[in-house]
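# Overview (structure and organization)
Chain by chain, the residues:
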Amino acid sequence: TPIVPVLPDTQVLQRLDAAHFLHPFTDHKALAEKGVRVMVRGDGIYLWDSEGRKVLDAMSGLWCVNVGYGRTSITQAVARQMETLPFYNSFFNTTTIPAVELAAKLARIAPAGFRHVFYTGSGSEANDTNVRMVRRYWDLLGQPERTVIISRHNAYHGSTMAGASLGGMSGMHVQGGLPIPGIVHINQPSYAEHGVGMTPEEFGVHAASWLEERIRELGPDKVAAFIGEPIQGAGGVIIPPVTYWPEVRRICDKYDILLIADEVITGFGRLGKWFASEQFGIRPDLITFAKGVTSGYVPLGGVLVSDKVAGVIVAGGDFNHGFTYSGHPVACAAALENIRIIEEEKLLEQVAHDTAPYLKARFASLAAHPLVGTAESCGFVAGLNLVRRKAGNVHYQVKFDPGLGVGMICRAHMFDNGVIMRAVGDRMIIAPPLIMTRPQIDELIG
Ligand code: PLP
């Protein structure tokens, strides 16, 4: 059988794309020269482009297609919901069946003490929701001056004004007047960058102390919350030492500061549990989610709200915030089926006990390559550093600009040769679908 029954005309699509489509995070001049690649079909961990070329998608789209491509049970669930009720809102004393069922389901799989969800259309909107919710929380508790949110350099929390401000991407901050007031950044817990002379465990505690320093500088009575990704994803897959998050939690408790875990990447099984918060002992007050909740089949995001925060928000009456697509019934139907698949196929157990340990060993073996410095993974995310010279671990310069780094050369080479990876400066990243098997891991590493 042909891969795509009728292949579209790639050149026509490329011309139309260049003429009309402004892509996200893209150097349009460079794209117009090279010509865009048109993806047309997916199945399992593979994609096919408009010229019939097959690629292994080691990035799960954008860290989201956790159950892989081509799941007809999700498309059927979506079609059924579209036929029954394609849209209704949850604003004015109404709700829909999938939105309720998903809320109850999320409460069952969330860490203990989380029984409420606020739906959004994306991870960015969910982080905007966090900003408003934590400020509303402190206002209701009679401490309206607690407004500052502490985040980390090189973090990624989205592309809306608040999301990009929470994020610590300098390349984003230099455009469009960011960050907005009331958001400050501390360093990320990157052992490679800042851990000289310390064990990883010592460094984890040390990196958390930067939070305490900043809280004291600002005055604890001004600080509303701290936000962080359990593992920094778009910033380069920075895996913190095990001591980092428990120490962050201790500091937040000490100063009565809310802790937000942005699990947009790490949620829904990427590290072998429903949420990385359980794995790293984070005990957050709010959890941001998106991506893996529907495996990206339909856009959906949200905030899981702990009983501590929900109690105050609910008792406070009005929370004047929400989106037309908060709790979109079609997206919620997709999420319910996606979660059912993860459970039925025991993907969390498979990742935690079989394929992630296997990937870890195989990925680490890449460190023997003459152009690779370090190669490490956690669950189903992994990153390696390209080095100019292995002896002395001589690095290329790390640059945010995706057009400039040596990683982009590597990425283009891999893409042309059948594997999708992501590049962050000189760091190469993967986050494969959770369904990836051992033979497929061998294929990828090969
Ligand atoms: N938070 C994290 C940790 C992310 O990785 C992302 C997207 O990559 C977002 C938030 C923003 O999500 P979205 O692109 O759905 O707005």
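Residues numbered from 1 in each chain as written. Predicted model: local features only at pLDDT ≥ 70, side-chain atom pairs only at ≥ 80, totals over all residues.

### Observations regarding the nonpolar core
Core analysis: the largest hydrophobic core is formed by 119 residues, its most contacted members being Ile149, Ala225, Phe226, Leu258, Leu259 and Leu304. Among the elements that take part in this core, helix α14 (residues 329–344) stands out by supplying nine residues, more than any other. Two domains share this core, each providing at least three of its residues, namely domain 1 (10–67 + 346–445) and domain 2 (74–344). The contacts of isoleucine 149, once residues within four sequence positions are left out, are Val131, Val134, Leu166, Gly182, Ile183, Ala224, Ala225 and Ile227. (Core = buried A, V, L, I, M, F, W, Y, C linked by C-beta atoms within 7 Å. Buried ≥ 20, exposed ≤ 12 C-beta atoms within 10 Å, placed from the backbone. Helix = DSSP H or I, 4+ residues; strand = E, 2+ residues; numbered from the N terminus. Domains from an automatic or database assignment. Contact = placed C-beta atoms within 7 Å.)

### A look at the domain arrangement of the protein chain
Partitioning the protein chain into structural domains gives domain 1 (10–67 + 346–445) and domain 2 (74–344). A straight line from the C-alpha centre of domain 1 to that of domain 2 covers 25 Å. Counting residues at the interface gives 26 residues for domain 1 and 25 residues for domain 2. Listed by contribution, the elements that provide at least two residues to the side of domain 1 that touches domain 2 are α3 (60–63), α15 (347–364), β11 (372–378), β12 (381–389) and β16 (427–430). Take the side of domain 1 that touches domain 2: its biggest share by element is five residues, from α15. Residue composition of the side of domain 1 that touches domain 2, by class: 18 nonpolar, five polar and three charged. (Nonpolar A, V, L, I, M, F, W, Y, C, P; charged D, E, K, R; others polar.)

### Topic: the environment of alanine 32
Along the chain, the position of alanine 32 falls in helix α2 (residues 28–34). For alanine 32, a count of 14 C-beta atoms within 10 Å gives the class partly exposed. For the pair alanine 32 and threonine 129, spaced 97 residues apart in sequence, the C-alpha to C-alpha distance is 36 Å.

### Structural notes on the sheet that holds strand β14 (residues 419–420)
Strand order in the open sheet formed by four strands is β1-β2-β3-β14, with mixed pairing between adjacent strands. Edge positions in the sheet fall to β1 (39–43) and β14, since each has one partner strand and no second. The pairing of strand β2 (residues 46–49) with strand β3 (residues 54–57) spans three bridges and is classified as antiparallel. Looking at β3, one finds that leucine 47 is bridged to valine 55. (Pairing = 2+ DSSP bridges.)

### Thoughts on the sheet that holds strand β7 (residues 223–228)
Remark on secondary structure: sheet strands pair via backbone hydrogen bonds, oriented parallel or antiparallel. Strand order in the open sheet formed by seven strands is β4-β10-β9-β8-β7-β5-β6, with mixed pairing between adjacent strands. A single partner strand is all that each edge strand has here, and the edge strands are β4 (114–120) and β6 (183–186). Taken over all neighbouring pairs, the strand axes of this sheet differ in orientation by 25 degrees on average, direction set aside. Pairing of β7 with strand β8 (residues 258–262), which is carried by four bridges, proceeds in the parallel orientation. By the bridge assignment for β8, isoleucine 227 is matched with isoleucine 260. (Axes fitted to C-alpha atoms, helices over the stretch in contact; angles between N-to-C directions.)

### Description of unusual backbone geometry
Following leucine 178, the chain continues into proline 179 via a peptide bond in cis, with omega recorded as -5 degrees. Mapping proline 179 onto the fold places it in the loop between α8 (170–173) and β6. Its identity as a non-glycine residue notwithstanding, asparagine 154 has a phi of 70 degrees, on the positive side. Counting through the fold element by element, asparagine 154 comes out in the loop between β5 (148–152) and α7 (161–166). Its 22 C-beta neighbours within 10 Å are what place asparagine 154 among the buried residues. A positive phi angle is found at valine 237, which is not glycine, with a value near 55 degrees. One can find valine 237 in the loop between β7 and α11 (244–255).

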